[in-house]
Amino acid sequence: MTGKSSEEGSSPARSSGSNTNQNVPDFLRGLPCRDSKNFSKFSADSGPKASGKKAPIYMPTTDHPSAQVIVTEKTNILLRYLHWRWEKKLQDQSKKRSAGSADVDEGASARKRARSDRADTSP
Amino acid sequence: MSHNYVVTAQKPTAVNHCVTGNFTSSSDLNLIMAKNNRLEVFIVSPEGLQPVKEIGIYGLIAVMKLFRPCDEEKDLLFIVTQHYNAMILECVGRGESLEVVTKVHGNVADRIGKPAETGIIGIIDPEARCIALRLYDGILKIIPLEKESSELKAYNIRLEELTVQDIEFLYGCPNPTVILIHQDVHGRHVKTHEISLKEKEFIRSPWKQENVEPEAAMIVPIPGPLYGALIVGQESITYHNGSTYITVAPPIIKQSTMTCYGRVDPTGGRYLMGDMAGRLFMVLLEREERDGAERDIKVELLGECSIPECINYLDNGVVFVGSRLGDSQLVQLRVTPDESSSYLTVLDAHTNLAPILDMVVVDLERQGQGQLVTCSGAFKDGSLRVIRNGIGIHELASIDLAGIKAMWSLRVGTSGDDDGDELFDNTLVIAFVGETRVLSLIGEEVEETEISGLAGDQQTFFCSNVDHGQILQVTTTSARLLSDKSGALRSEWRPPGGRTISVVTANAGQLACAVGSELFYLEIADGEVVLKSTATLEHEVACIDLTPAGGRTRAHLVAVALWTDISARTLSLPELRPLSKECLGGEIIPRSILLAEFEGVPYCLVAMGDGSLFYFHVHLETGMLTEKKKVTLGTQPTVLRAFRPHSTSSVFACSDRPAVIYSSNYKLVFSNVNLREVGHMCTLNTRAYRNSLALATETTITIGVVDDIQKLHIRSVKLFESPRRIAYQEPTETFGVLSMRLDVQEANGLAALRPSASTGAKSVSQSSAAQLHRPSLQQLEQGQEVEVHSLLIIDQHTFEVQHAHSFVPSEYALSLISTRFDNDPAVYFVVGTAYVNPEESEPKQGRIVVFQFHDQKLTQIAEKEIKGACYSLAAFNGKLLASINSTVRLFEWTMEHELRLECSHFNNIVALYLKTKGDFVLVGDLMRSITALQYKAMEGNFDEMARDFNAKYMTAVEILDDDTYLGAENSHNLFVCQKDSAATTDEERMQMQEMGRYHVGDMVNVFRHGSLVMQGVTENMAPTSGCVLFGTVQGSVGLVTQLEPDFYAFIAELQQQLTRVIKPVGKIEHAAWRAYRSERKTEPCEGFIDGDLIESFLDLNRDQMAEVVRDLMITDASGQRRPATVDDIIKAVEELTRIH
């Protein structure tokens, strides 16, 4: 792509002629070109420049409901990490054991429940 | 309750971020700039950058990235604000119907967490699987980009690495993988983490590199086929891809530090990099690994540009360099270097005032209008900017001629002077009392000539090229038609009875003139003027016009203004049937009437003998004049002339305060012109002076072009070093400027890095190091950069540096004023300094130095050693007030021209800012907000009157009135405090009440009383009082003014309605944006109205305006409450816009 653009593309290369292309230092050879017309009519003296022209100000008055809302997960970063470790460990264990994974899951949730119960009773 | 109105006069100009991509459509190449809280969207086109839209965001833009979700055809814009509001925006539709849709929004702040010192970093996975945000130390927030769910569940991952310098996503990884540079006690290291979006954790670290360069600060991820990343440090650039790495340390990059990069090739072969010295490099990654040979990185210096903040390769070798410290530039990469071996050609520059360190308001032209002179930019991009509300005339030539009454440009001659289809003027007809002279303009030569058929012995009233290749000249006695080829007289028409023509007007085919109260309408035919109709009016005609309505060649109505009843009237053509009459009132004679069309709306303008101007809307069919308005432009009779600069229709009002009238958003704007007095004007389009104006003053004709029409006119005076403080000295017609340059220690002493204002001054002096009892300087290493501070004396007319006084290297000049002292007629520049020793926690010594500029020479008159840094100076009761470290001290000026300490005030941490009014002193503290002091002349001491006991890190302070103080602090807030003199107890009196709070969204560096507009331009000025201008770090200029309580309540209601109708981009509530917010607390905005929001009313369409106005009530002139109309509000808001 870049090779092609050096022929039809970058205006400096073209203006200096194709035969001088080898004089072009390789760090400037074949600069990318998406549309060879871009900047071709640019002239610093002609009329008001982009730097002086002001874009119209966008005034949004229609409410487009957001498709999605970003929410941050409330779980404590450490707790989530511990859960993650825990589950990973369980998975590893379940792989090691030949026992059915359903049993392990049940056990895990039961144990979790027990712990939260205990937390509730604590003062 | 305080009633303040804050509005931006100049929007922020510093470019903080820039992205390129396909935002407005899949085929458009866009450049999007973020300037503080505004986005500017451009399209790359053959003509250059075309502005598309400017989008306001309710927040300071901290992160801006374009990304392409996998199934999208165009890019989406991801933004995070300083207050952690995140959004994803999509551009829908084109042109007028273009909409920016907030696809995703949400606040990503955490309740706990230490904001990272290296700022907010936001990065997006190259395959758009997720976004990662580094907001707080030790935590990386991941936002998975899932299409289906209505919620994007962001979660935090713990980062082991606490101090992250830079973080990026790597290309070509099966799971999103970040690479980061972090610092610990051993140095800086590079590490990668692979993220599992399913498990919400880092699952492994594919590779790492410990102990990279100690100053490594930037990561450049490389796309395929190479993959890996560049690690850019101060001295070296490393390429690493996990398995192999290569480091280069070219000497050329050592002088400075790379701060930003822009990718050139989509495959990542070449990168543009910019450093803090404003040098632009091309970094080449060799593509193929040749047999045996290692891959290489080449670094080539391309040349110098503005100090870059962001670099974006656009197309065809054109690069946009966004800058925070200098003008942003559009740069063309040249294939062959120029004579200074630079590969860069600057195509265009975008003016940037940022950062505004200091400024003064002066009226240099004595036109009753202030202009601002700012200390802008830094280092090599440092400059003074002269900001003036109005329009600049760029002078091309001038001709000395006195007594000109009027002028017209003509095309005369057989060959004409045409160039393709464009016709050029070549002649100027100039009317004097009792005679007419002709100047021919050939090239740049001007010589007096004659046109055979032109009556030279009479005063010409009108002259122009007209239809059928003819020239029309109207004098007091006749209307003459001439051939434009030979100049010979073809026919002549005289009013019946040989009476004298008093006023006349014509266009290419029509002529109307008046003899006393009798009006004649004639049409111009081939070889004759034909009388079509006559009419007799009640009174004598004072002025007349029949400019055709836009697009047409013939006028369908004529406008006249009459003596005696002082009325403006319209009459139909060709019948001269009266259509309408509007009395102007008063006894001042109308001097000039003009029909003009602005933005497709026909107007009738009537200028009066006292410099005031009435304007009406004209109904073209009925001739009705409606919506009468009045403004005051000057004080002398005014002549109106139409012209079209840059293809927008405009009117030039010639008077003692010349002005250009044009229309913006369907409202007329009256802009001053930077000329003192203009008697007459005509447009001129010759081959040498294209699209120019000829302007006649009392003694000369000036030929010039009108600058781009804009409200604030900014002139740049480059200093090539950092200006810090500025003071104006009227008697010597100079500015004093404190500036800083960087010198480098070389083998035989300090050497300046580049020529700058202080090295190129007409005369130079230095503080001698030997004389001073200063702390010994530490030994400087060779190659070390040293700050050298100078006082520059700059001429107010030429802006040439008359004198530069340099201080010794460790002496920093911190404050500057121009002042007089009691019992001494001389005027002085006083400079406060500090000796800075890096080993001291705060400066222990400094000086106050008194200079006098006299006879083009700067002389040191006195100096006073002080025990600390003199942060601020103020003239106070004929004495000198200085804040020195934690103290405020008052010095007397003795008969022996010495400064003697009179009294001091102590209760501060660091007293940074001082403002005075009468006996009152306002002190702004580093962290303890503001304190008001009163000077007791009899006792000779300071009395602490009141203090704001809140913790605030101040950046600027100002006194609004004796009891009310304005402050700006470093969390970008403004506040107003009031001292309660009526309080019953001492304790209550001591405590200032916070009456107003406002988040201005930018750091205010300076407040100055003053105004940018001509005082009293409009008849019904908005009920505002006082005006304090402020300059900010991001290069914006704003103002704070006080409204009357009733008007404030009304505008507050309007603001409320506007927030209802305007749906903010990113769904950030206006109230949340303007709420006072600091590290400790957030409180709702109070006592301030957001003028920027109020003014956006004028950008709405009529239906939207009606929606805003729906529930508003207004009190009319008779004191009746009634529902407000759209026009009521337009009028009120337009008046508010005229205060800046």
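Residues numbered from 1 in each chain as written. Chains lettered and ligands numbered in written order. Predicted model: local features only at pLDDT ≥ 70, side-chain atom pairs only at ≥ 80, totals over all residues. Heavy atoms only, no water.

(A) Seen up close, the overall build of chain B. Assigned secondary structure in chain B consists of six helices and 94 strands. C-alpha atoms of chain B, sized along the principal axes, occupy 105 × 80 × 70 Å. A buried classification covers 60% of the 1140 residues belonging to chain B. For chain B, the accessible area works out to roughly 44,500 Å², and carbon and sulfur atoms hold 47% of it. Of the charged side chains in chain B, 103 are positive and 150 negative; the average position of the first set lies 2 Å away from that of the second. (Helix = DSSP H or I, 4+ residues; strand = E, 2+ residues; numbered from the N terminus. Buried < 20%, exposed > 50% of the residue type's maximum accessible area, 1.4 Å probe, protein only. Areas by Shrake-Rupley, 256 points an atom, 1.4 Å probe, with all protein chains shown as cover. Lys, Arg positive; Asp, Glu negative; His and termini not counted. Charge placed at Lys NZ, Arg CZ, Asp CG, Glu CD.)

(B) Region of interest: the sheet that holds strand 22 (residues 245-248) of chain B. Residues and elements named next belong to chain B. In spatial order, the strands read 19-20-21-22; together these four strands make up an open sheet with antiparallel pairing. Every other strand in the sheet has two partners, leaving strand 19 (218-221) and strand 22 as the edge strands with one partner each. Going from strand to strand, the sheet's axes swing by 15° on average, the running direction of each strand aside. Where strand 19 lies against strand 20 (residues 229-232), four bridges are found, and the strand directions are antiparallel. Each residue of the ladder has a partner; that of Pro221, found in strand 20, is Ala229. (Pairing = 2+ DSSP bridges. Axes fitted to C-alpha atoms, helices over the stretch in contact; angles between N-to-C directions.)

(C) Summary view of the packing of helix 2 (residues 1045-1061) of chain B against helix 5 (residues 1102-1109) of chain B. All names here are of chain B. For the pair helix 2 and helix 5, the least separation of the axes is 8 Å and the interaxial angle reads 125°. For the element pair helix 2 / helix 5, the angle class is oblique. The way helix 2 lies across helix 5 gives a crossing that is right-handed. For the pair helix 2 and helix 5, contact is made by Leu1054, Gln1057, Leu1058, Arg1060 and Val1061 and by Gln1104, Glu1107 and Val1108, respectively. Class assignment for the residues of the contact of helix 2 with helix 5 results in four nonpolar, two polar and two charged. (Parallel < 35°, antiparallel > 145°, perpendicular 65-115°, else oblique. Left-handed = near helix turned anticlockwise from the far one by under 90°. Contact = heavy atoms within 4.5 Å. Nonpolar A, V, L, I, M, F, W, Y, C, P; charged D, E, K, R; others polar.)

(D) Helix 6 (residues 1126-1137) of chain B, seen in detail. With 12 residues, helix 6 of chain B extends 16 Å from end C-alpha to end C-alpha; this agrees with the ideal 16 Å at 1.5 Å per step. All buried positions along helix 6 of chain B are accounted for by Val1126, Asp1128, Ile1129, Ile1130, Ala1132, Val1133, Glu1134, Glu1135, Leu1136 and Thr1137 of chain B. (Expected span 1.5 Å × (residues − 1).)

(E) Representation of the nonpolar core within the structure. Residues and elements named next belong to chain B. Grouped together as the largest cluster of nonpolar side chains are 69 residues, with contacts concentrated most on Leu39, Ile57, Leu77, Ile1051, Leu1054 and Phe1097. No other element matches helix 2, which puts seven residues into this core. Phe462, Cys463, Ala479 and Ile501 belong to the second-largest nonpolar core, a separate cluster that totals 29 residues. (Core = buried A, V, L, I, M, F, W, Y, C linked by side-chain atoms within 4.5 Å.)

(F) Examining the confidence of the model for chain B more closely. For chain B, per-residue confidence averages 91 on the pLDDT scale, and 96% of positions sit at 70 or higher. With pTM at 0.82, the complex prediction returns an ipTM value of 0.74. (pLDDT = per-residue confidence, 0-100.)

(G) Spatial organisation of the sheet that holds strand 71 (residues 811-821) of chain B. All names here are of chain B. The strand order 71-72-73-74 describes an open sheet built from four strands, whose pairing is antiparallel. On the outer flanks of this sheet lie strand 71 and strand 74 (857-866), each paired with one strand and no other. Taken over all neighbouring pairs, the strand axes of this sheet differ in orientation by 25° on average, direction set aside. Sheet analysis places strand 72 (residues 824-835) next to strand 73 (residues 846-854), joined by four bridges and oriented antiparallel. Directly across from Gly832, in strand 73, lies its bridge partner Ile848.

(H) Region of the structure containing the packing of aromatic side chains. Residues and elements named next belong to chain B. Tallying each qualifying case throughout the model produces 22 aromatic pairs over all chains. Between Tyr728 and Phe735, the aromatic rings sit 5.1 Å apart at their centres with planes inclined by 40°, giving tilted as the arrangement. On the numbers, 5.3 Å between centres and 55° between planes, the contact of Tyr828 with Trp893 is tilted. One end of the pair, Tyr828, is in strand 72; the other, Trp893, is in strand 77 (residues 887-893), with 65 residues separating them in the sequence. Like Trp893, Tyr828 is buried. An aromatic cluster is present here, built from Phe598, Tyr603, Tyr615 and Phe670 joined pairwise through their rings. Directly above the ring of Phe975 sits Lys952, whose terminal nitrogen or CZ lies 3.7 Å from the centroid. (Phe/Tyr/Trp six-rings, centres within 6.5 Å; stacked < 30°, edge-to-face > 60°. Lys NZ or Arg CZ within 6 Å of the ring centre and 35° of its normal.)

(I) Quick look at helix 2 of chain B. Taking 1.5 Å of rise per residue, the 17 residues of helix 2 of chain B would be expected to cover 24 Å, and the 24 Å separating its terminal C-alpha atoms lies within 8% of that figure. Among all positions of helix 2 of chain B, only Phe1047, Tyr1048, Phe1050, Ile1051, Leu1054, Gln1055, Gln1057, Leu1058 and Val1061 of chain B are buried.

(J) A look at empty space enclosed by the protein. Tallied over the entire structure, the rule returns three cavities of 30 Å³ or more. Of the pockets and cavities examined, the largest cavity occupies roughly 80 Å³. If you go around the largest cavity, you meet 13 residues; those closest to its centre are Thr62 of chain A together with Val100, Thr102, Lys1063 and Pro1064 of chain B. Tallied by class, residues from the lining of the largest cavity come to six nonpolar, three polar and four charged. Counted as a void, the second largest cavity has a volume near 40 Å³. Tyr58, Gly59, Thr81, His83, Asn85, Ile1068, Ala1072, Trp1073 and Arg1077 of chain B are the residues that line the second largest cavity. Class assignment of the residues belonging to the lining of the second largest cavity gives a composition of four nonpolar, four polar and one charged. (1 Å grid on protein atoms, 1.4 Å probe; cavity = no way out; pocket = protein on both sides within 12 Å on 5 of 7 lines; lining within 4 Å. Points joined across faces, edges and corners; volume = space filled by probe spheres on them.)

(K) Local environment of the pattern of salt bridges. Residues and elements named next belong to chain B. Tallied over the entire structure, the rule returns 68 salt bridges over all chains. Measuring nitrogen to oxygen at the nearest pair gives 3.0 Å for the salt bridge that ties Lys380 to Asp381. This pair shows no difference in class: Lys380 is buried, exactly as Asp381 is. What emerges from the salt-bridge pattern is a single network uniting Asp948, Lys952, Glu994, Arg997, Lys1081, Glu1083 and Glu1086. (Salt bridge = Lys/Arg side-chain N within 4 Å of Asp/Glu carboxyl O.)

(L) Main features of the interface of chain B and chain A. On the chain A side, the residues contacting the 87 residues of chain B number 56 residues. Counting the surface lost from both chain B and chain A, the interface buries some 6,300 Å², and carbon and sulfur atoms represent 57% of this. Among the residues chain B hides against chain A, the three largest losses belong to Pro46, Asn316 and Val335 of chain B. Together they make up 11% of the total. The tally of links between chain B and chain A comes to five salt bridges. Linking Asp26 of chain A and Lys298 of chain B is a salt bridge whose minimum nitrogen-to-oxygen distance equals 3.5 Å. Here chain B is connected to chain A by 45 residue pairs in polar contact (both at pLDDT 80 or more). By the bridge criterion, four bridges tie strand 1 (residues 68-72) of chain A to strand 13 (residues 151-158) of chain B in an arrangement that is parallel. Paired with Thr72 of chain A across the bridge in strand 13 of chain B is Ala154 of chain B. (Buried area = accessible area lost by both parts, 1.4 Å probe. Polar contact = N/O pair within 3.5 Å; in protein donor to acceptor, adjacent residues only side chain to side chain.)

(M) Summary view of unusual backbone geometry. Residues and elements named next belong to chain B. Of note, the bond from Gly224 into Pro225 is cis; its omega dihedral lies within 30 degrees of zero at 10°. Following the sequence through the fold, Pro225 ends up in the loop between strand 19 and strand 20. Geometrically, the link from Ala354 to Pro355 is a cis peptide bond, its omega value of -20° lying close to zero. You can see Pro355 is positioned in the loop between strand 30 (344-350) and strand 31 (358-362). Its identity as a non-glycine residue notwithstanding, Lys200 has a phi of 55°, on the positive side. Along the chain, Lys200 turns up in the loop between strand 16 (187-196) and strand 17 (201-204). Of note, the phi angle at Phe799 is positive, near 60°, even though the residue is not glycine.

(N) Spotlight on the state of the cysteines. Residues and elements named next belong to chain B. Counted according to the given criterion, the structure contains zero disulfides over all chains. With no disulfide of its own, Cys18 lies 4.1 Å from the sulfur of Cys310, the closest cysteine sulfur. Free cysteine Cys583: the closest other cysteine sulfur is in Cys604, separated by 14 Å. (Disulfide = S-S within 2.5 Å.)

(O) How the structure looks around a nonpolar patch on the surface. A cluster of nonpolar residues, Ile909, Leu926, Met927 and Tyr953 of chain B, forms a patch on the protein surface that exposes about 310 Å² of accessible area. With respect to the helices and strands, the residue Ile909 of chain B is situated in the loop between strand 78 (899-905) and strand 79 (911-917). (Patch = residues over 30% accessible without salt bridge, like charges linked within 9 Å, V, L, I, M, F, W, Y side chains within 5 Å.)

(P) Highlighting the environment of Ser572 of chain B. All names here are of chain B. With respect to the helices, strands and loops of the structure, Ser572 is situated in strand 51 (residues 567-572). In sequence terms Ser572 and Glu621 are 49 residues apart; their C-alpha atoms lie 9.0 Å from each other. Each residue touching Ser572, except ones within four places of it in the same chain, is listed here: His556, Leu557, Arg577 and Leu579. Among the polar contacts made by the side chain of Ser572, one reaches the side chain of Glu575 at a distance of 2.8 Å.

(Q) Structural detail: the environment of Cys91 of chain B. Residue placement: Cys91 of chain B occurs in strand 8 (residues 85-92). Not counting chain neighbours up to four residues away, the residues in contact with Cys91 of chain B comprise Phe23, Thr24, Lys74, Leu98 and Glu99 of chain B.

(R) Representation of a positive patch on the surface. Where like charges cluster on the molecular surface, the positive patch consists of Arg85, Lys88, Lys89 and Lys95 of chain A. Within the secondary structure, Arg85 of chain A sits in helix 3 (residues 77-96).

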